[in-house]
Amino acid sequence: MGKADFLSPKAIGNRIKAKGLQKLRWYCQMCQKQCRDENGFKCHCMSESHQRQLLLASENPNQFMSYFSEEFKNDFLELIRRRFGTKRIHNNIVYNEYISNREHVHMNSTQWETLTDFTKWLGREGLCKVDETPKGWYIQYIDRDPETIRRQEELEKKKRQDLDDEERSAKFIEEQVRRGREGKEPEEEPVFTELKRESEEEKVAFNLGGGSSLGPSKASASLGPSALKVAAASTKRKDHSHSSDSKDKKKKSALDEIIEMEEQKKKPVRSDNWLRPDIVVKVVTKRLGDKYYKKKAVIREVQNKYTAVVKMVDSGDKLKLDQSHVETVIPAPGKRVVVLNGQYRDVEAVLEGIDEKKFSGTLILDSGHMKGKRVEIPYEDFSKQA
């Protein structure tokens, strides 16, 4: 009987049956052959091609098992890295997504008998962080990419620098406050006593500093000695208020100015957008293909702060890219650059040198009121001028 036509119902039915995953018990890893039923698998095992593959495997079985184990491990880790990153995820979720690919390497051909054994092996080898819970085994990928480690070190270094700056500013403010307090005269604390009448007919009178009709003798008789001391102290403070008020006011205003200046320094001068026209950038996204990946371009226009219209240097093509799809370009020493972020934003400068350990460059400012000043700025905060 001849083979069924490609568009015949039988051929279409066969293709539907062969599509997707099928039973693992009828799969031959050596021949990479999937059979649909037990009879087909039996016929395959009796075939000449299968017998030849068995002879090859019997000569060096460890080599084939090592090859399949390596392929399984690499594909499994690559799926975790691309799909889940460094998130903590259940191992069954990753495995179910891995076997959804029809061409995957089956676990029964590797050195691991179960998924639990493979998960424990990943933990022992230090490839992933694994932990057992009542719901099963969870894994977390450990990213050892040099670029990722470098970025983490840069972030930690910036955090340490910010903490050091805040500590220095706090100490400076405390010193200024202490000096301001030392220059002030200590105020006399009032002493409060209980008012008592010597007889029930005697009236208690209070002198509040206004025009009192009571004479000095009546006031003295009405108030006790402690109250008189309080009144004298308040009168003494009033006499000196005109001379010392302006002095204290000047001290407070100077201290307030220092505190305001320090608070302004603490305010973040960095912005989350750094794009600007007429600078050279590098395309870092792979979505556009190898034609534009790692190629240089010049920003012609900035739209909505985070979108740039660029012109490729090599081909002259115009593209519309997001800020996350490009990065700054560090030229050779002596070339002109533009500061894109931080305290000296939008200032033109000349690159004097670079420090590879600190991931920063030494710039000589060439514009603005601070022209000629030498500053050290991270790589991501300046770029080559077009």
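Above this text is the structure in question.
Computed from a predicted model, the values in this text were never measured in an experiment. (Residues numbered from 1 in each chain as written. Predicted model: local features only at pLDDT ≥ 70, side-chain atom pairs only at ≥ 80, totals over all residues. Heavy atoms only, no water.)

### Some details on the overall build of the protein chain
A tally of regular secondary structure across the protein chain gives 9 helices and 15 strands. Evaluated residue by residue, the protein chain yields a buried proportion of 26% over its 386 residues. With an accessible surface of roughly 27,800 Å², the protein chain has 50% of that area assigned to carbon and sulfur atoms. (Helix = DSSP H or I, 4+ residues; strand = E, 2+ residues; numbered from the N terminus. Buried < 20%, exposed > 50% of the residue type's maximum accessible area, 1.4 Å probe, protein only. Areas by Shrake-Rupley, 256 points an atom, 1.4 Å probe, with all protein chains shown as cover.)

### Focus: the side chain of Thr307
By the element assignment, Thr307 lies in strand β8 (residues 307-312). Residue classification places Thr307 among the buried residues on the basis of a relative accessible area of 19%. Those residues in contact with Thr307 that sit more than four places away from it in its chain are Leu275, Glu301, Val302, Lys320 and Leu321. (Contact = heavy atoms within 4.5 Å.)

### Observations concerning the pattern of salt bridges
Under the criterion given, the structure shown has 13 salt bridges. Where Asp317 meets Lys291, a salt bridge forms, and the shortest distance between an N and an O atom there is 3.4 Å. Residue Asp317 is located in the loop between β8 and β9 (318-322), and its partner Lys291 is located in the loop between β6 (280-283) and β7 (296-303); the two are separated by 26 residues in the primary sequence. Relative accessible area serves as the criterion here: at 54%, Lys291 is assigned to the exposed category. A salt bridge links Arg374 to Glu352; its shortest N-O distance comes to 2.7 Å. A residue pair is termed long-range when its members are at least 10 positions apart, and Arg374 in strand β14 (residues 374-378) and Glu352 in strand β12 (residues 348-355) qualify at 22 residues. Through salt bridges with shared partners, a single ionic network connects Glu78, Arg81 and Arg82. (Salt bridge = Lys/Arg side-chain N within 4 Å of Asp/Glu carboxyl O.)

### Overview of the packing of aromatic side chains
Counted according to the given criterion, the structure contains 11 aromatic pairs. Consider the rings of Phe76 and Tyr98, whose centres lie 6.0 Å apart with planes at 65°: the pair is edge-to-face. Remark: Tyr98 occurs in helix α5 (residues 91-99) and Phe76 occurs in helix α4 (residues 61-84); sequence separation between them is 22 residues. The exposure classification of Phe76 matches that of Tyr98, with both residues buried. One aromatic cluster is present, built from ring pairs that chain together Phe72, Phe76, Tyr98, Trp112, Phe118 and Trp121. The ring of Tyr138 has Arg88 lying over it, and the distance from NZ or CZ to the ring centre is 4.2 Å. (Phe/Tyr/Trp six-rings, centres within 6.5 Å; stacked < 30°, edge-to-face > 60°. Lys NZ or Arg CZ within 6 Å of the ring centre and 35° of its normal.)

### What to know about the sheet that holds strand β5 (residues 136-141)
With antiparallel pairing, the 3 strands of this open sheet are ordered in space as β3-β5-β4. Strands with a single pairing partner mark the edges of an open sheet, and in this sheet they are β3 (88-90) and β4 (128-133). Along the sheet, successive strands turn relative to each other by an average axial angle of 30°, direction set aside. The sheet contact formed by β4 and β5 spans 6 bridges and is antiparallel. Bridge assignment links Lys129 to a residue of β5, and that residue is Gln140. Sheet contacts for α5: β3 and β5; angle to β3, the most-contacted strand, approximately 70°. (Pairing = 2+ DSSP bridges. Axes fitted to C-alpha atoms, helices over the stretch in contact; angles between N-to-C directions.)

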